[in-house]
Amino acid sequence: MQPTTPLVLCVLLSQVLLLTSAEDLDCTPGFQQKVFRIDQPAEFIEDQAILNLTFSDCKGNDKLHYEVSSPYFKVNNDGSLVALRNITAVGKTLFVHARTPHAEDMAELVIVGGKDIQGSLQVVDSDRPEGSKFRLTGKGVDQEPKGIFRINENTGSVSVTRNLDRETIATYQLFVETVDVNGRTLEGPVPLEVIVIDQNDNRPIFREGPYIGHVMEGSPTGTTVMRMTAFDADDPATDNALLRYNIRQQTPDKPSPNMFYIDPEKGDIVTVVSPALLDRETLENPKYELIIEAQDMAGLDVGLTGTATATIMIDDKNDHSPKFTKKEFQATVEEGAVGVIVNLTVEDKDDPTTGAWRAAYTIINGNPGQSFEIHTNPQTNEGMLSVVKPLDYEISAFHTLLIKVENEDPLVPDVSYGPSSTATVHITVLDVNESPVFYPDPMMVTKQENISVGSVLLTVNATDPDSLQRQTIRYSVYKDPAGWLNINPINGTVDTTAVLDRESPFVHNSVYTALFLAIDSGNPPATGTGTLLITLEDVNDNAPFIYPTVAEVCDDAKNLSVVILGATDKDLHPNTDPFKFEIHKQTVPDKVWKISKINNTHALVSLLQNLNKANYHLPIMVTDSGKPPMTNITDLRVQVCSCKNSKVDCNAAGAPHFSAAAALLLPLFSLARL
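What comes next concerns the included structure. (Residues numbered from 1 in each chain as written. Predicted model: local features only at pLDDT ≥ 70, side-chain atom pairs only at ≥ 80, totals over all residues. Heavy atoms only, no water.)

## As for the state of the cysteines
- Considering all chains together, one arrives at three disulfides under this definition.
- Covalent S-S linkage joins Cys27 and Cys58, the inter-sulfur distance amounting to 1.7 Å. Since a negative S-S torsion denotes a left-handed disulfide, the Cys27-Cys58 link at about -85° is left-handed. One end of the pair, Cys27, is in the segment before strand S1 (30–31); the other, Cys58, is in the loop between strand S4 (55–56) and strand S5 (65–68), with 31 residues separating them in the sequence.
- Under the relative-accessibility criterion, Cys27 is labelled buried at 19%.
- One disulfide in the model links Cys554 with Cys643; its S-S distance is 2.0 Å. Measuring the twist about the S-S bond at about -85°, one finds the Cys554-Cys643 disulfide to be left-handed. Taken as a pair, Cys554 in strand S42 (residues 550–554) and Cys643 in strand S48 (residues 631–644) lie far apart in primary sequence, 89 residues in all. (Disulfide = S-S within 2.5 Å. Helix = DSSP H or I, 4+ residues; strand = E, 2+ residues; numbered from the N terminus. Buried < 20%, exposed > 50% of the residue type's maximum accessible area, 1.4 Å probe, protein only.)

Here's what the structure looks like:
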């Protein structure tokens, strides 16, 4: 059996194209009647007229061409609709499309009682052996999706079991063969291609939203704002997916209800008003919302529609310069004060969210000492003029500043800054009773510690900045942590009331700090504070002392070293080390001890022989290097312990043993404590 030409299974096809406008006012192009209704007959008979259609393009119908949505029908030249063969079911609706070079239109035939098509076709094989059967295979039969097509094994009629969706599967590749009663292939397989013809069952959709466009105010007519395109899932080769765009609604509709136009084919939105109407500052609202409609079937009434919202923002450009609300501003400030003294107000018609509105202020005259600064308040756009360096009434009671304002963004070429973009600020400085000022501050003096009580340290000096007022100043002590100082309230002379001690806890790094007050006679009085730093020179007034003062040694120790002694001194060099270590007045019987210098600050105490278990007191004398030197004698307690079997026992050392010198010193030490 030779392969036959691939057969095409046709399902409902809908095509709708654009209706053109009539040029002749006495003739309306298109079908004279657009909708027809007929009852479903038992059968449509081949070549029998079903109805007559009347179409005119008002130009003579040259090159008139008809298309029918079903492949089983045609329209003859006389406008009669006929079936191409006997057929019982064609669906519920037929569409007839008429077209000439000058016009086109669509007519609809509604079949009352019509049913959805369950299409079928006939496979013919006149040479098929007797007893053989047809078999159908492929995607849609025995492959997923299964069961869509079936074949009458005796007649070869191929039928559809359920509705087809071109958007899911557009074509099916089937195979037909003949088999014997045992299922063996006799002829074939022959390919059978089923093409699903599109039906307009999908609306256009806008998939890329939100759609937001921007156009600069004053843009020329025809400026492209944005492009909006929709998607139609129907066959792009048919009018079912041929989209046309239009603007359904514009909000607001001022100053013109047609501010924009959309290209019906491309979807480009452009401005159609003059630049003068596209002025953001005069618009009721600089934001427009357009309802955009996309319609398939080339925009004909029978086409399906989808809508989306386009938001168009009229962007600001800097076509208005900022202007001060008045030419002169006044401000007052107390001398010595800092902070904002006046807010300069401006007006600007541009968009407050842009640099075309935001102001930048500059002091262009009257600020040689840089005592003033101006900054922009980001919420109000006002210029906040501040004093950053305290003003002095006695130097100048009045100041005049010239302030300039500009925008952050440059102005457009045809706009410039005028006289209203500058303003004058008159500032009056108010006199206040200022605090007296110590000079210098801090005050510094160097003295030896231990100077006699009543010694004069210095005379402080404070002056009143209020030179135009005649005021007197009195002095007092504010902070004197150790209570060492006194100040004459009239002339400011500072003397001592106690001995100055460099080693006092109130002295840090040899410096003692005190604070004094200077109080003027104003009403109310003003007070100034001055700091006095006294650097104390060291005097050798502290004897050194040793550490530790207790040591242990075993009674049978082979190493007769007892302890390493260290010495320290509160004074500063050269009144400290090197230290001299000695055993004070050691008698001949006591010469069992030895002290040896290790370095400038340490010495080693050792035994010359082992001693019995007891407590021993050894007087150690240490002398510093000051001039004159200072000496201190400290009793070193040495415990001689029993050390057996790795155990040290010092508890039963017995009564303390003193060297002869220590015995003589103890009564003297006791007397000294009385």
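Back to the write-up after that little detour.
## Notes on the environment of Phe324
- Positionally, Phe324 belongs in strand S23 (residues 323–324).
- Under the relative-accessibility criterion, Phe324 is labelled buried at 8%.
- As a C-alpha pair, Phe324 and Ala83 span 241 residues in sequence and 85 Å in three-dimensional space.
- Setting aside residues no more than four positions away along its own chain, Phe324 makes contact with Phe329, Leu344, Thr345, Val346, Tyr361, Ile403, Lys404, Val405, Ser420, Ser421, Thr422 and Ala423. (Contact = heavy atoms within 4.5 Å.)

## What about the sheet that holds strand S8 (residues 93–99)?
- The strand order S2-S9-S8-S5 describes an open sheet built from four strands, whose pairing is mixed. Only two strands of the sheet have a single neighbouring strand rather than two, namely strand S2 (35–39) and S5. Going across the sheet, the axis of each strand differs from the next one's by a mean of 20°, ignoring polarity.
- Alignment of S2 against strand S9 (residues 104–112), held across five bridges, turns out to be parallel. Within S9, the residue paired with Val35 across the bridge is Glu108. (Pairing = 2+ DSSP bridges. Axes fitted to C-alpha atoms, helices over the stretch in contact; angles between N-to-C directions.)

## Observations regarding the pattern of salt bridges
- One pass over the structure, following the stated rule, counts 18 salt bridges.
- Salt-bridge contacts for Arg358 lead to Glu408; the nearest nitrogen and oxygen are separated by 3.0 Å. A residue pair is termed long-range when its members are at least 10 positions apart, and Arg358 in the loop between strand S26 (346–347) and strand S27 (359–365) and Glu408 in the loop between strand S30 (398–407) and strand S31 (422–430) qualify at 50 residues.
- For Glu408, a relative accessible area of 48% translates into the label partly exposed.
- Note that Glu406 and Lys404 form a salt bridge whose closest N and O atoms lie 3.6 Å from each other.
- Under the relative-accessibility criterion, Glu406 is labelled partly exposed at 29%.
- Put simply, Arg166, Glu167 and Asp198 are held in one network by salt bridges that share partners. (Salt bridge = Lys/Arg side-chain N within 4 Å of Asp/Glu carboxyl O.)

By themselves, these observations are geometric and do not establish any function.
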